[in-house]
Amino acid sequence: MKKLICVLTTFLLLLAIAFVPVEAADSFTWSKFDSGYVTIVFDDGRDCTATLARIFTEKNIPLSCAITGKSVVNSVAMVSVLKKIQNHGGEILSHTYSHDAFDENSTLEEIEKEFSMSYNALTNAGFVVNGIIEAGAGGSEKSVNYDLVEQAVKKYYKYSDCYGTSLQYNSVRTYMRGLSLSQLKTKVSRAAQRKEWLILFAHDFSEISQSDLEALLDYINETEGVKGVTYKYMYENFGNYPTKQDFGKTYYTVSYTDKKGTVIEEKVVAAGSYVSSKPSKIPEGTTWSNTEVIVEDNMIISALKGEVISTPSTSNPSTSNPSTSNPSTSNPSTSNPSASNPSASTPTTNQPSDEPQENSNNDKAKDPITLWIVIGIAGVALVVLIIVIIVVCCKNKKMK
Ligand SMILES: [Zn+2]
(Lines give C-alpha, C1' and ligand atoms only; values in the text may rest on other atoms or scores of the structure.)
Protein backbone atom coordinates (compact mmCIF):
# COMPACT_ATOMS: atom_id res chain seq x y z
CA MET A 1 0.00 0.00 0.00
CA LYS A 2 2.82 2.38 0.95
CA LYS A 3 4.50 1.69 -2.38
CA LEU A 4 1.31 2.46 -4.27
CA ILE A 5 0.95 5.79 -2.46
CA CYS A 6 4.57 6.64 -3.21
CA VAL A 7 4.16 5.92 -6.92
CA LEU A 8 0.89 7.85 -7.09
CA THR A 9 2.35 10.85 -5.27
CA THR A 10 5.42 10.94 -7.54
CA PHE A 11 3.20 10.71 -10.61
CA LEU A 12 0.95 13.53 -9.40
CA LEU A 13 3.93 15.72 -8.48
CA LEU A 14 5.39 15.27 -11.96
CA LEU A 15 1.99 16.16 -13.39
CA ALA A 16 1.94 19.33 -11.26
CA ILE A 17 5.42 20.35 -12.47
CA ALA A 18 4.29 19.91 -16.06
CA PHE A 19 1.36 22.24 -15.34
CA VAL A 20 3.54 25.08 -14.00
CA PRO A 21 4.94 27.15 -16.89
CA VAL A 22 8.45 27.79 -15.60
CA GLU A 23 9.69 29.46 -18.82
CA ALA A 24 6.53 31.26 -19.91
CA ALA A 25 6.80 34.01 -17.31
CA ASP A 26 10.00 35.53 -18.68
CA SER A 27 10.25 34.70 -22.36
CA PHE A 28 8.75 36.02 -25.56
CA THR A 29 6.46 33.83 -27.65
CA TRP A 30 4.46 34.21 -30.86
CA SER A 31 0.73 33.73 -31.16
CA LYS A 32 -0.50 31.79 -34.16
CA PHE A 33 -0.87 34.05 -37.21
CA ASP A 34 -4.39 34.43 -38.58
CA SER A 35 -3.19 35.07 -42.14
CA GLY A 36 -0.07 35.29 -44.26
CA TYR A 37 1.96 38.50 -43.83
CA VAL A 38 4.71 40.19 -45.81
CA THR A 39 7.07 42.88 -44.52
CA ILE A 40 9.34 44.67 -46.98
CA VAL A 41 12.40 46.43 -45.57
CA PHE A 42 14.88 48.67 -47.35
CA ASP A 43 18.16 49.25 -45.51
CA ASP A 44 20.43 52.30 -45.30
CA GLY A 45 18.08 55.01 -46.64
CA ARG A 46 19.76 55.20 -50.02
CA ASP A 47 19.00 57.60 -52.91
CA CYS A 48 15.93 55.60 -53.92
CA THR A 49 14.12 56.26 -50.61
CA ALA A 50 11.86 59.07 -51.92
CA THR A 51 10.87 56.90 -54.90
CA LEU A 52 10.22 53.94 -52.59
CA ALA A 53 8.01 56.15 -50.41
CA ARG A 54 5.94 57.15 -53.44
CA ILE A 55 5.61 53.58 -54.79
CA PHE A 56 4.58 52.05 -51.45
CA THR A 57 2.07 54.86 -50.85
CA GLU A 58 0.54 54.34 -54.30
CA LYS A 59 0.28 50.58 -53.67
CA ASN A 60 -1.14 51.07 -50.14
CA ILE A 61 1.51 48.86 -48.54
CA PRO A 62 3.50 50.13 -45.55
CA LEU A 63 7.24 50.44 -46.14
CA SER A 64 9.78 49.59 -43.45
CA CYS A 65 13.16 51.35 -43.51
CA ALA A 66 16.30 50.52 -41.51
CA ILE A 67 18.10 53.82 -40.93
CA THR A 68 21.31 54.70 -39.11
CA GLY A 69 21.17 57.36 -36.43
CA LYS A 70 23.84 59.46 -38.11
CA SER A 71 21.89 59.68 -41.38
CA VAL A 72 19.04 61.63 -39.76
CA VAL A 73 21.27 63.99 -37.81
CA ASN A 74 21.46 67.28 -39.73
CA SER A 75 19.69 65.84 -42.77
CA VAL A 76 16.44 67.71 -43.24
CA ALA A 77 15.73 66.06 -46.60
CA MET A 78 16.18 62.52 -45.19
CA VAL A 79 14.00 63.24 -42.14
CA SER A 80 11.32 64.71 -44.40
CA VAL A 81 11.07 61.68 -46.68
CA LEU A 82 11.19 59.24 -43.75
CA LYS A 83 8.45 61.22 -42.01
CA LYS A 84 6.34 60.78 -45.11
CA ILE A 85 6.91 57.01 -44.92
CA GLN A 86 5.99 56.92 -41.22
CA ASN A 87 2.88 59.02 -41.89
CA HIS A 88 1.63 56.46 -44.40
CA GLY A 89 1.64 53.53 -41.99
CA GLY A 90 5.34 52.76 -42.57
CA GLU A 91 7.99 52.05 -39.98
CA ILE A 92 11.44 53.45 -39.29
CA LEU A 93 13.76 50.95 -37.65
CA SER A 94 17.20 51.62 -36.22
CA HIS A 95 20.22 50.35 -38.14
CA THR A 96 22.79 51.24 -35.42
CA TYR A 97 24.27 54.75 -35.25
CA SER A 98 27.34 54.47 -37.45
CA HIS A 99 26.69 51.23 -39.41
CA ASP A 100 29.96 49.74 -38.16
CA ALA A 101 29.56 45.97 -37.83
CA PHE A 102 30.36 44.38 -34.49
CA ASP A 103 32.98 41.64 -34.20
CA GLU A 104 34.43 39.36 -31.53
CA ASN A 105 36.37 42.31 -30.04
CA SER A 106 33.28 44.51 -29.58
CA THR A 107 32.67 45.29 -25.93
CA LEU A 108 29.27 45.51 -24.31
CA GLU A 109 29.93 49.21 -23.80
CA GLU A 110 30.60 49.84 -27.51
CA ILE A 111 27.57 47.84 -28.57
CA GLU A 112 25.31 49.65 -26.14
CA LYS A 113 26.58 53.02 -27.35
CA GLU A 114 25.61 52.19 -30.95
CA PHE A 115 22.15 51.12 -29.81
CA SER A 116 21.46 54.06 -27.51
CA MET A 117 22.81 56.73 -29.87
CA SER A 118 20.76 55.49 -32.82
CA TYR A 119 17.65 55.20 -30.65
CA ASN A 120 18.08 58.77 -29.40
CA ALA A 121 18.87 60.24 -32.82
CA LEU A 122 15.81 58.64 -34.44
CA THR A 123 13.34 59.37 -31.65
CA ASN A 124 14.62 62.95 -31.34
CA ALA A 125 13.93 63.36 -35.06
CA GLY A 126 10.31 62.41 -34.38
CA PHE A 127 10.22 58.72 -35.27
CA VAL A 128 8.38 55.95 -33.44
CA VAL A 129 11.21 53.44 -33.01
CA ASN A 130 10.67 49.93 -31.64
CA GLY A 131 13.02 47.69 -33.60
CA ILE A 132 16.56 47.44 -34.93
CA ILE A 133 18.05 45.79 -38.01
CA GLU A 134 21.61 44.50 -37.93
CA ALA A 135 24.21 46.62 -39.75
CA GLY A 136 26.94 45.10 -41.87
CA ALA A 137 25.33 41.66 -42.13
CA GLY A 138 27.43 39.14 -43.99
CA GLY A 139 30.83 40.15 -42.62
CA SER A 140 32.75 40.21 -39.37
CA GLU A 141 29.59 40.23 -37.23
CA LYS A 142 29.41 36.44 -37.66
CA SER A 143 31.95 36.18 -34.84
CA VAL A 144 29.88 38.33 -32.47
CA ASN A 145 28.69 36.97 -29.15
CA TYR A 146 24.96 37.45 -29.71
CA ASP A 147 24.06 36.64 -26.11
CA LEU A 148 26.11 39.71 -25.17
CA VAL A 149 24.48 41.80 -27.92
CA GLU A 150 21.01 40.79 -26.70
CA GLN A 151 21.78 42.13 -23.21
CA ALA A 152 22.39 45.54 -24.80
CA VAL A 153 19.66 45.47 -27.44
CA LYS A 154 16.81 44.74 -25.03
CA LYS A 155 17.43 48.01 -23.19
CA TYR A 156 16.31 50.03 -26.21
CA TYR A 157 14.49 47.81 -28.69
CA LYS A 158 11.53 45.44 -28.59
CA TYR A 159 12.64 43.35 -31.59
CA SER A 160 15.37 42.77 -34.12
CA ASP A 161 16.19 40.68 -37.19
CA CYS A 162 19.21 39.03 -35.58
CA TYR A 163 20.73 41.03 -32.67
CA GLY A 164 20.09 38.19 -30.27
CA THR A 165 19.52 34.51 -29.88
CA SER A 166 15.98 34.52 -28.50
CA LEU A 167 12.82 34.40 -30.59
CA GLN A 168 12.20 38.07 -29.78
CA TYR A 169 15.43 39.26 -31.38
CA ASN A 170 15.71 36.80 -34.22
CA SER A 171 13.29 37.17 -37.16
CA VAL A 172 15.05 35.89 -40.23
CA ARG A 173 14.88 38.06 -43.36
CA THR A 174 15.04 36.96 -46.99
CA TYR A 175 17.38 38.94 -49.23
CA MET A 176 15.63 39.92 -52.49
CA ARG A 177 18.93 40.29 -54.36
CA GLY A 178 19.35 37.53 -56.91
CA LEU A 179 15.73 36.37 -56.67
CA SER A 180 13.53 36.61 -59.76
CA LEU A 181 10.06 38.14 -59.64
CA SER A 182 8.48 34.72 -60.02
CA GLN A 183 10.57 33.34 -57.13
CA LEU A 184 9.46 36.26 -54.97
CA LYS A 185 5.82 35.69 -55.96
CA THR A 186 6.16 32.01 -55.02
CA LYS A 187 7.37 33.05 -51.56
CA VAL A 188 4.38 35.36 -51.15
CA SER A 189 1.96 32.61 -52.21
CA ARG A 190 3.59 30.20 -49.78
CA ALA A 191 3.26 32.71 -46.92
CA ALA A 192 -0.45 33.05 -47.75
CA GLN A 193 -1.03 29.29 -47.90
CA ARG A 194 0.90 28.49 -44.71
CA LYS A 195 -0.12 31.62 -42.79
CA GLU A 196 3.52 32.59 -42.35
CA TRP A 197 5.33 35.89 -41.98
CA LEU A 198 7.67 36.60 -44.90
CA ILE A 199 10.25 39.36 -44.40
CA LEU A 200 11.94 40.59 -47.58
CA PHE A 201 14.76 43.09 -47.76
CA ALA A 202 16.99 44.94 -50.18
CA HIS A 203 19.01 48.16 -50.36
CA ASP A 204 18.10 49.78 -53.66
CA PHE A 205 16.98 49.20 -57.26
CA SER A 206 20.24 47.46 -58.15
CA GLU A 207 18.97 44.51 -56.08
CA ILE A 208 15.35 44.53 -57.21
CA SER A 209 14.30 46.62 -60.20
CA GLN A 210 11.63 49.24 -59.74
CA SER A 211 9.29 47.43 -62.15
CA ASP A 212 9.77 44.10 -60.34
CA LEU A 213 9.13 45.78 -57.00
CA GLU A 214 5.93 47.38 -58.28
CA ALA A 215 4.80 44.04 -59.73
CA LEU A 216 5.58 42.33 -56.41
CA LEU A 217 3.51 44.88 -54.46
CA ASP A 218 0.63 44.40 -56.93
CA TYR A 219 0.93 40.65 -56.40
CA ILE A 220 0.73 41.06 -52.61
CA ASN A 221 -2.41 43.16 -53.05
CA GLU A 222 -3.98 40.64 -55.44
CA THR A 223 -3.16 37.52 -53.42
CA GLU A 224 -5.84 36.32 -51.04
CA GLY A 225 -4.75 35.60 -47.49
CA VAL A 226 -1.67 37.79 -47.37
CA LYS A 227 -1.22 41.35 -46.11
CA GLY A 228 1.63 43.82 -46.36
CA VAL A 229 2.53 44.98 -42.84
CA THR A 230 5.34 46.45 -40.74
CA TYR A 231 7.47 44.73 -38.07
CA LYS A 232 5.60 46.79 -35.51
CA TYR A 233 2.27 45.39 -36.68
CA MET A 234 3.47 41.81 -36.23
CA TYR A 235 5.10 42.24 -32.81
CA GLU A 236 2.26 44.36 -31.49
CA ASN A 237 -0.48 42.00 -32.66
CA PHE A 238 1.12 38.56 -32.36
CA GLY A 239 4.06 38.97 -29.99
CA ASN A 240 3.47 37.79 -26.43
CA TYR A 241 5.80 39.75 -24.16
CA PRO A 242 6.36 38.91 -20.49
CA THR A 243 5.19 42.45 -19.67
CA LYS A 244 2.84 44.79 -21.51
CA GLN A 245 4.62 46.91 -24.12
CA ASP A 246 3.86 50.33 -25.55
CA PHE A 247 4.65 50.33 -29.27
CA GLY A 248 3.60 53.92 -29.87
CA LYS A 249 1.10 55.02 -32.47
CA THR A 250 0.87 54.13 -36.14
CA TYR A 251 0.08 57.08 -38.38
CA TYR A 252 -1.80 57.24 -41.63
CA THR A 253 -2.30 60.05 -44.07
CA VAL A 254 -5.81 60.71 -45.28
CA SER A 255 -5.83 62.56 -48.58
CA TYR A 256 -8.86 64.42 -49.81
CA THR A 257 -8.80 64.61 -53.57
CA ASP A 258 -11.27 65.96 -56.08
CA LYS A 259 -12.55 63.85 -58.95
CA LYS A 260 -9.55 64.80 -61.08
CA GLY A 261 -7.26 63.42 -58.41
CA THR A 262 -5.94 66.77 -57.26
CA VAL A 263 -5.14 66.72 -53.56
CA ILE A 264 -7.27 69.26 -51.70
CA GLU A 265 -5.96 68.50 -48.22
CA GLU A 266 -3.95 65.89 -46.33
CA LYS A 267 -4.33 64.93 -42.69
CA VAL A 268 -2.04 62.72 -40.62
CA VAL A 269 -4.02 60.70 -38.11
CA ALA A 270 -3.28 57.92 -35.64
CA ALA A 271 -4.63 54.43 -36.30
CA GLY A 272 -8.08 54.04 -34.81
CA SER A 273 -8.95 57.72 -35.19
CA TYR A 274 -12.25 59.02 -36.45
CA VAL A 275 -11.75 61.17 -39.49
CA SER A 276 -14.16 63.63 -40.99
CA SER A 277 -15.18 62.59 -44.49
CA LYS A 278 -14.68 66.13 -45.69
CA PRO A 279 -11.65 68.38 -45.95
CA SER A 280 -11.67 71.29 -43.52
CA LYS A 281 -12.19 73.76 -46.38
CA ILE A 282 -14.35 72.48 -49.18
CA PRO A 283 -13.47 74.11 -52.49
CA GLU A 284 -16.24 76.05 -54.14
CA GLY A 285 -18.32 73.92 -56.48
CA THR A 286 -17.32 70.67 -54.80
CA THR A 287 -19.50 68.38 -52.72
CA TRP A 288 -18.25 65.57 -50.48
CA SER A 289 -20.61 62.66 -50.21
CA ASN A 290 -18.61 60.17 -48.14
CA THR A 291 -19.80 59.27 -44.68
CA GLU A 292 -17.54 59.32 -41.63
CA VAL A 293 -14.43 57.21 -41.87
CA ILE A 294 -12.57 55.28 -39.22
CA VAL A 295 -8.90 54.70 -39.88
CA GLU A 296 -8.41 51.16 -38.67
CA ASP A 297 -5.12 49.62 -37.77
CA ASN A 298 -3.15 48.56 -40.83
CA MET A 299 -5.66 50.24 -43.12
CA ILE A 300 -4.29 53.04 -45.22
CA ILE A 301 -6.74 55.52 -46.59
CA SER A 302 -5.25 57.17 -49.61
CA ALA A 303 -8.18 59.14 -50.90
CA LEU A 304 -11.66 60.25 -50.10
CA LYS A 305 -12.95 61.51 -53.40
CA GLY A 306 -15.24 64.50 -53.60
CA GLU A 307 -17.63 65.04 -56.45
CA VAL A 308 -17.26 68.19 -58.46
CA ILE A 309 -20.81 69.33 -59.16
CA SER A 310 -19.84 72.37 -61.16
CA THR A 311 -16.61 73.78 -62.54
CA PRO A 312 -14.68 75.26 -59.63
CA SER A 313 -14.28 79.01 -59.70
CA THR A 314 -10.85 79.95 -61.03
CA SER A 315 -10.66 82.77 -58.52
CA ASN A 316 -10.40 80.26 -55.69
CA PRO A 317 -6.68 79.68 -55.08
CA SER A 318 -7.20 76.44 -53.16
CA THR A 319 -8.75 74.72 -56.18
CA SER A 320 -6.63 76.31 -58.90
CA ASN A 321 -3.42 74.93 -57.45
CA PRO A 322 -3.89 73.18 -54.13
CA SER A 323 -0.41 71.72 -54.01
CA THR A 324 1.21 75.13 -53.66
CA SER A 325 -1.12 76.11 -50.85
CA ASN A 326 -0.50 72.93 -48.89
CA PRO A 327 3.07 72.28 -47.73
CA SER A 328 2.33 68.65 -46.89
CA THR A 329 1.80 67.80 -50.56
CA SER A 330 5.07 69.31 -51.72
CA ASN A 331 7.87 67.16 -53.06
CA PRO A 332 9.44 65.30 -50.12
CA SER A 333 12.96 65.62 -51.51
CA THR A 334 12.78 69.39 -51.35
CA SER A 335 13.25 70.91 -47.95
CA ASN A 336 10.17 70.73 -45.80
CA PRO A 337 9.91 73.64 -43.36
CA SER A 338 8.33 71.47 -40.70
CA ALA A 339 11.20 68.99 -40.86
CA SER A 340 13.74 71.56 -39.73
CA ASN A 341 12.08 71.42 -36.35
CA PRO A 342 11.61 67.76 -35.52
CA SER A 343 9.45 68.34 -32.47
CA ALA A 344 7.07 70.52 -34.48
CA SER A 345 6.83 67.96 -37.24
CA THR A 346 5.89 65.02 -35.07
CA PRO A 347 2.59 63.59 -36.23
CA THR A 348 0.75 64.53 -33.04
CA THR A 349 1.01 68.18 -33.95
CA ASN A 350 -0.45 67.44 -37.38
CA GLN A 351 -3.62 66.07 -35.86
CA PRO A 352 -6.85 67.29 -37.40
CA SER A 353 -8.95 69.78 -35.47
CA ASP A 354 -11.74 67.23 -35.04
CA GLU A 355 -9.74 65.49 -32.30
CA PRO A 356 -9.18 61.85 -33.27
CA GLN A 357 -10.17 59.39 -30.61
CA GLU A 358 -7.93 56.58 -29.56
CA ASN A 359 -9.10 53.17 -30.55
CA SER A 360 -10.09 51.19 -27.50
CA ASN A 361 -8.94 48.07 -29.38
CA ASN A 362 -5.40 48.98 -28.38
CA ASP A 363 -6.23 48.05 -24.81
CA LYS A 364 -7.49 44.63 -25.75
CA ALA A 365 -6.38 42.07 -23.23
CA LYS A 366 -3.82 39.66 -24.61
CA ASP A 367 -1.93 38.15 -21.72
CA PRO A 368 -1.57 34.40 -22.11
CA ILE A 369 1.11 34.29 -19.39
CA THR A 370 -1.41 35.25 -16.73
CA LEU A 371 -3.65 32.50 -18.06
CA TRP A 372 -0.81 29.97 -17.79
CA ILE A 373 -0.05 30.98 -14.23
CA VAL A 374 -3.72 30.53 -13.30
CA ILE A 375 -3.76 27.09 -14.97
CA GLY A 376 -0.53 26.20 -13.13
CA ILE A 377 -1.87 27.21 -9.73
CA ALA A 378 -5.15 25.38 -10.40
CA GLY A 379 -3.17 22.27 -11.38
CA VAL A 380 -1.06 22.35 -8.21
CA ALA A 381 -4.15 22.91 -6.04
CA LEU A 382 -5.85 19.91 -7.66
CA VAL A 383 -2.83 17.69 -7.09
CA VAL A 384 -2.50 18.74 -3.43
CA LEU A 385 -6.20 18.02 -2.94
CA ILE A 386 -5.84 14.52 -4.45
CA ILE A 387 -2.81 13.77 -2.23
CA VAL A 388 -4.70 14.88 0.89
CA ILE A 389 -7.65 12.65 -0.05
CA ILE A 390 -5.34 9.65 -0.58
CA VAL A 391 -3.53 10.19 2.72
CA VAL A 392 -6.82 10.55 4.61
CA CYS A 393 -8.19 7.41 2.97
CA CYS A 394 -5.06 5.41 3.86
CA LYS A 395 -5.12 6.58 7.47
CA ASN A 396 -8.79 5.62 7.70
CA LYS A 397 -7.95 2.15 6.33
CA LYS A 398 -5.13 1.69 8.85
CA MET A 399 -7.36 2.75 11.71
CA LYS A 400 -9.92 0.20 10.61
ZN1 LIG B 1 23.02 48.43 -43.93
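Conventions we followed
Residues numbered from 1 in each chain as written. Predicted model: local features only at pLDDT ≥ 70, side-chain atom pairs only at ≥ 80, totals over all residues. Helix = DSSP H or I, 4+ residues; strand = E, 2+ residues; numbered from the N terminus. Buried ≥ 20, exposed ≤ 12 C-beta atoms within 10 Å, placed from the backbone. Core = buried A, V, L, I, M, F, W, Y, C linked by C-beta atoms within 7 Å. Contact = placed C-beta atoms within 7 Å. Axes fitted to C-alpha atoms, helices over the stretch in contact; angles between N-to-C directions. Parallel < 35°, antiparallel > 145°, perpendicular 65-115°, else oblique. Left-handed = near helix turned anticlockwise from the far one by under 90°. Expected span 1.5 Å × (residues − 1). Arc of directions from axis to C-beta. Pairing = 2+ DSSP bridges. pLDDT = per-residue confidence, 0-100. Nonpolar A, V, L, I, M, F, W, Y, C, P; charged D, E, K, R; others polar. Right-handed = clockwise from strand over helix to strand, strands pointing away.

**Some details on the overall build of the protein**
Each helix and strand counted, the protein has 12 helices and 17 strands in total. The 400 residues of the protein split such that 34% are buried.

**Thoughts on the environment of glutamate 266**
Residue placement: glutamate 266 occurs in strand S12 (residues 263-270). On the basis of neighbour counts, which here come to 18 C-beta atoms within 10 Å, the residue glutamate 266 falls in the partly exposed class. When the C-alpha atoms of glutamate 266 and proline 279 are compared, they prove to be 8.1 Å apart, with 13 residues separating the residues in sequence.

**Thoughts on the nonpolar core**
Core analysis: the largest hydrophobic core is formed by 61 residues, its most contacted members being Val38, Cys65, Leu82, Ile92, Leu122 and Val153. When residues no more than four places from it in sequence are discounted, the contact partners of valine 38 are Val188, Ala191, Leu198, Leu200, Ile220, Val226 and Gly228.

**Re the environment of leucine 63**
Tracing the backbone shows leucine 63 in the loop between helix H2 (49-58) and strand S3 (64-67). Residue class for leucine 63 comes out buried when judged on the 27 C-beta atoms lying within 10 Å of it. Sequence-wise, leucine 63 and valine 41 are 22 residues apart; in three dimensions their C-alpha atoms are separated by 6.6 Å. Every residue in contact with leucine 63, bar those within four places of it in the chain, is listed here: Ile40, Phe42, Leu52, Ala53, Phe56, Ile85 and Gly90.

**Remarks on the packing of helix H6 (residues 181-194) against helix H7 (residues 210-222)**
Packed helices, taken two at a time, are described by their axes: the angle between them and the distance between them. Where H6 meets H7, the axes come as close as 10 Å, and the angle between the chain directions of the two elements is 25°. In this view, H6 runs roughly parallel relative to H7, as classed from their interaxial angle. Of the two elements, H6 crosses H7, and the hand of that crossing is right-handed. Contacts between H6 and H7 involve Leu181, Leu184, Lys185 and Val188 from the first element and Asp212, Ala215, Leu216, Tyr219 and Ile220 from the second.

**Quick notes on unusual backbone geometry**
One non-glycine residue with positive phi stands out, namely asparagine 60, at about 60°. Considering the arrangement of structural elements, one finds asparagine 60 in the loop between H2 and S3. Judged by the 16 C-beta atoms lying within 10 Å of it, asparagine 60 is partly exposed. Notably, asparagine 74 is not glycine yet its phi reads approximately 60°, a positive angle. Tracing the backbone shows asparagine 74 in the loop between S3 and helix H3 (76-86).

**Let's talk about H7**
With 13 residues, H7 should cover 18 Å at 1.5 Å per step; its first-to-last C-alpha distance of 18 Å lies within 8% of that length. Listing the buried residues of H7 in full gives Leu213, Leu216, Leu217 and Ile220. Buried residues of H7 fall within an arc of 95° about the axis and therefore sit on the same side. Residues of H7 that are exposed and point over 90 degrees away from its buried face: Ser211, Asp218 and Glu222.

**A few points about helix H5 (residues 146-153)**
When H5 is considered as a whole, its buried residues turn out to be Val149, Ala152 and Val153. Buried positions in H5, seen along its axis, are confined to an arc of 95° and lie on one side of it. In this fold, the buried residues of H5 make contact with helix H4 (108-124), strand S5 (131-132) and strand S6 (159-160).

**Details of the pairing of strand S4 (residues 91-94)**
Residues Glu91 and Leu93 of S4 are buried on one face, and the alternating residues Ile92 and Ser94, pointing to the opposite face, are buried as well. Looking at chain direction, S3 and S4 are connected through four bridges and run parallel. Following the sheet pairing, cysteine 65 is matched in S4 by isoleucine 92.

**Some points on the confidence of the model for the protein**
Chain-level pLDDT for the protein is 76 on average; 64% of the residues reach the 70-or-more range. Throughout residues 20-24 the model reports pLDDT below 50, and contacts reaching past four residues in sequence, or to other chains, amount to six contacts. Overall, residues 308-368 carries pLDDT values under 50, and its contacts beyond four positions in sequence, including any with other chains, amount to 92 contacts.

**Focus on the packing of H4 against H5**
Contact geometry for H4 and H5: axes closest at 9 Å, N-to-C directions at 45°. Judged on the interaxial angle alone, H5 and H4 are oblique. Crossing angle aside, the handedness with which H4 passes H5 is right-handed. Of H5, the residues touching H4 (which contributes Leu108, Ile111, Glu112 and Phe115) are Leu148, Val149, Gln151, Ala152 and Val153. Its residues assigned to classes, the contact of H4 with H5 comprises seven nonpolar, one polar and one charged.

**What to know about the pairing of strand S8 (residues 197-202)**
The two faces of the sheet receive side chains in turn, since in a regular strand these alternate between them. The buried fraction of S8 is high, at five of six residues. Judged from the six bridges that link them, strand S2 (residues 36-43) and S8 form a sheet pairing that is parallel. From the neighbouring strand, valine 38 faces S8, where its bridge partner is leucine 198. Of the strand pairs in this sheet, strand S7 (residues 174-175) and S8 are connected by two bridges, and their pairing is parallel. Across the sheet, tyrosine 175 pairs through a bridge with phenylalanine 201, a residue of S8. You can see the chain leave S7, run along H6 and come back into S8, and the turn it takes is right-handed.

**A few points about the environment of tyrosine 146**
Here tyrosine 146 shows up in helix H5. A tally of 19 C-beta atoms within 10 Å means that tyrosine 146 is categorised as partly exposed. Distance in space between the C-alpha atoms of tyrosine 146 and glycine 164 is 5.0 Å, their sequence separation being 18 residues. Contact partners of tyrosine 146, with chain neighbours within four places excluded, come to Gly164 and Thr165.

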